[in-house]
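# A structural walkthrough
Letter by letter, the chains look like this.
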Amino acid sequence: MCSHACGPGYASPAEAMRGPRETLLYVPCIYRETGIDKPDFLATVDVDPSSSSFCQVVHQLSMPFIGDELHHSGWNACSSCHGDKARRRDRLILPSPVSSRVYIVDTGTDPRAPSLHKVVDSKEVKDKTGLGTPHTAHCLADGNIMISTMGDTEENAKGGFILLDGSNFSVIGKWEKAGQSTPFGYDFWYQPRHNVMISSEWGSPKAFLSGFNPQHVADGPTAMQP
């Protein structure tokens, strides 16, 4: 059993179930293809039953650009580094598949009113990794952050993983070894106790970013490949 001096998260799923309930939710809200020409925003929702603002949006943090399509968010630190008391879960990682930007949001200074901490520009992502269309972010046991991708710099299908430095959120590079990328990418999760990671695949960014086109079905599975 861990004491209060331990790091973020919990030592086990069972311990997490015994932990206190969340009082705030952070929800990505998307404007892309709605006809509303505004940046996406992160909504803070009060889910504390004892609060006078229970089930209400209490804050909105707008992104600085239009057309990102915020997606699967993740934390800078979690139960994977539970044993490291120097770590703190205080930054939310927001990958943007359409723009290939990654937003780092400060949730620690004022949890009810998060602020933008850093924007990882798409140029840095693409120049250092050769990847784009970031999808899912997860914190790692070494304190860094891994983000799965679904395409290369030209929006062709290519599975890969971006590594961010957990202290300054700069792009370290790719996680996978040279020549070890997968044809497609999507979501992933890992179990550090068993040294196993499972990833899934979806499709080519050139196909899904522009919406469904029946002609792609007629052209066959290689229609959107380079």
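Residues numbered from 1 in each chain as written. Predicted model: local features only at pLDDT ≥ 70, side-chain atom pairs only at ≥ 80, totals over all residues. Heavy atoms only, no water.

## Observations concerning the state of the cysteines
Following the criterion strictly, the structure yields 1 disulfide and no others. Between the sulfur of Cys78 and that of Cys139 lies a disulfide, 2.0 Å long from S to S. Residues Cys78 and Cys139 are joined through a disulfide that is right-handed, its torsion about the S-S bond being 135°. In this pair, Cys78 is assigned in the loop between strand E4 (74–75) and strand E5 (91–95) and Cys139 in strand E8 (residues 131–139), connecting sequence segments 61 residues apart. By relative accessible area, Cys139 is classed as buried at 4%. (Disulfide = S-S within 2.5 Å. Helix = DSSP H or I, 4+ residues; strand = E, 2+ residues; numbered from the N terminus. Buried < 20%, exposed > 50% of the residue type's maximum accessible area, 1.4 Å probe, protein only.)

## Remarks on the nonpolar core
Judged by nonpolar contacts, the single largest core of 13 residues is most densely connected at Ile93, Val102, Ile104, Ile147, Ile162 and Leu164. Elements with a minimum of two residues in this core: strand E6 (102–106), E8, strand E9 (145–152) and strand E10 (157–164). Excluding its chain neighbours within four sequence positions, the residues that come into contact with Ile162 are Val125, Thr129, Leu131, Pro134, Ile145, Met146, Ile147, Thr149, Val171 and Gly173. Residues Leu61, Met63, Leu70 and Leu94 belong to the second largest nonpolar core, which totals 10 residues. (Core = buried A, V, L, I, M, F, W, Y, C linked by side-chain atoms within 4.5 Å. Contact = heavy atoms within 4.5 Å.)

## Structural notes on the packing of aromatic side chains
The tally for this structure, following the rule as stated, stands at 7 aromatic pairs. Ring centres 5.4 Å apart and planes at 50° place the aromatic pair Tyr186 and Trp202 in the tilted group. Taken as a pair, Tyr186 in the loop between strand E11 (171–174) and strand E12 (188–191) and Trp202 in the loop between strand E13 (196–199) and helix H3 (205–208) lie far apart in primary sequence, 16 residues in all. The exposure class of Tyr186 is partly exposed, given its relative accessible area of 26%. Its relative accessible area of 52% is what places Trp202 among the exposed residues. Ring-pair connections join several aromatic residues into one group, and the members of that group are Phe161, Trp175 and Phe188. Here the basic side chain of Arg89 rests over the ring of Trp75, its NZ or CZ set 4.3 Å away from the ring centre. Seen from the ring of Phe65, Arg101 lies directly overhead, with NZ or CZ sitting 3.8 Å from the centre. (Phe/Tyr/Trp six-rings, centres within 6.5 Å; stacked < 30°, edge-to-face > 60°. Lys NZ or Arg CZ within 6 Å of the ring centre and 35° of its normal.)

## A word on the sheet that holds E5
Strand order in this open sheet of 4 strands is E4-E5-E6-E7, and the pairing throughout is antiparallel. Whereas interior strands pair on both sides, the edge strands pair on one side only; in this sheet they are E4 and strand E7 (115–120). (Pairing = 2+ DSSP bridges.)

## Observations regarding the side chain of Asn144
Mapped onto the secondary structure, Asn144 falls in the loop between E8 and E9. Under the relative-accessibility criterion, Asn144 is labelled buried at 19%. Every residue in contact with Asn144, bar those within four places of it in the chain, is listed here: His138, Cys139, Leu164, Asp165, Gly166 and Ile172.

## Thoughts on the pattern of salt bridges
One pass over the full model with this rule turns up 10 salt bridges. Close ionic contact of Arg32 with Glu69 constitutes a salt bridge, the shortest N to O distance being 2.9 Å. Placement of Arg32 in the loop between strand E1 (24–29) and strand E2 (41–46) and of Glu69 in the loop between strand E3 (56–62) and E4 is noted, with a sequence separation of 37 residues between them. Residue Glu69 is classed as partly exposed on the basis of its relative accessible area, which comes to 22%. Note that Arg112 is salt-bridged to Asp46, the shortest N-O span being 3.3 Å. Note that Arg112 is positioned in the loop between E6 and E7 and Asp46 in strand E2, a separation of 66 residues in sequence. (Salt bridge = Lys/Arg side-chain N within 4 Å of Asp/Glu carboxyl O.)

## Topic: the sheet that holds E11
Read across the sheet, 4 strands follow the order E8-E9-E10-E11 without closing on themselves; strand pairing throughout is antiparallel. At either margin of the open sheet sits one strand with a lone partner, and together these are E8 and E11. For this sheet, the mean inter-axis angle between neighbouring strands, taken without regard to orientation, is 30°. Contacts from helix H2 (residues 122–129) reach E8, E10 and E11, with the element oriented near 40° to E11. (Axes fitted to C-alpha atoms, helices over the stretch in contact; angles between N-to-C directions.)

## Some words on the side chain of Ser122
With respect to the helices and strands, the residue Ser122 is situated in helix H2. Residues contacting Ser122, with those up to four places away along its chain left out, are Ser99, Ser100 and Arg101.

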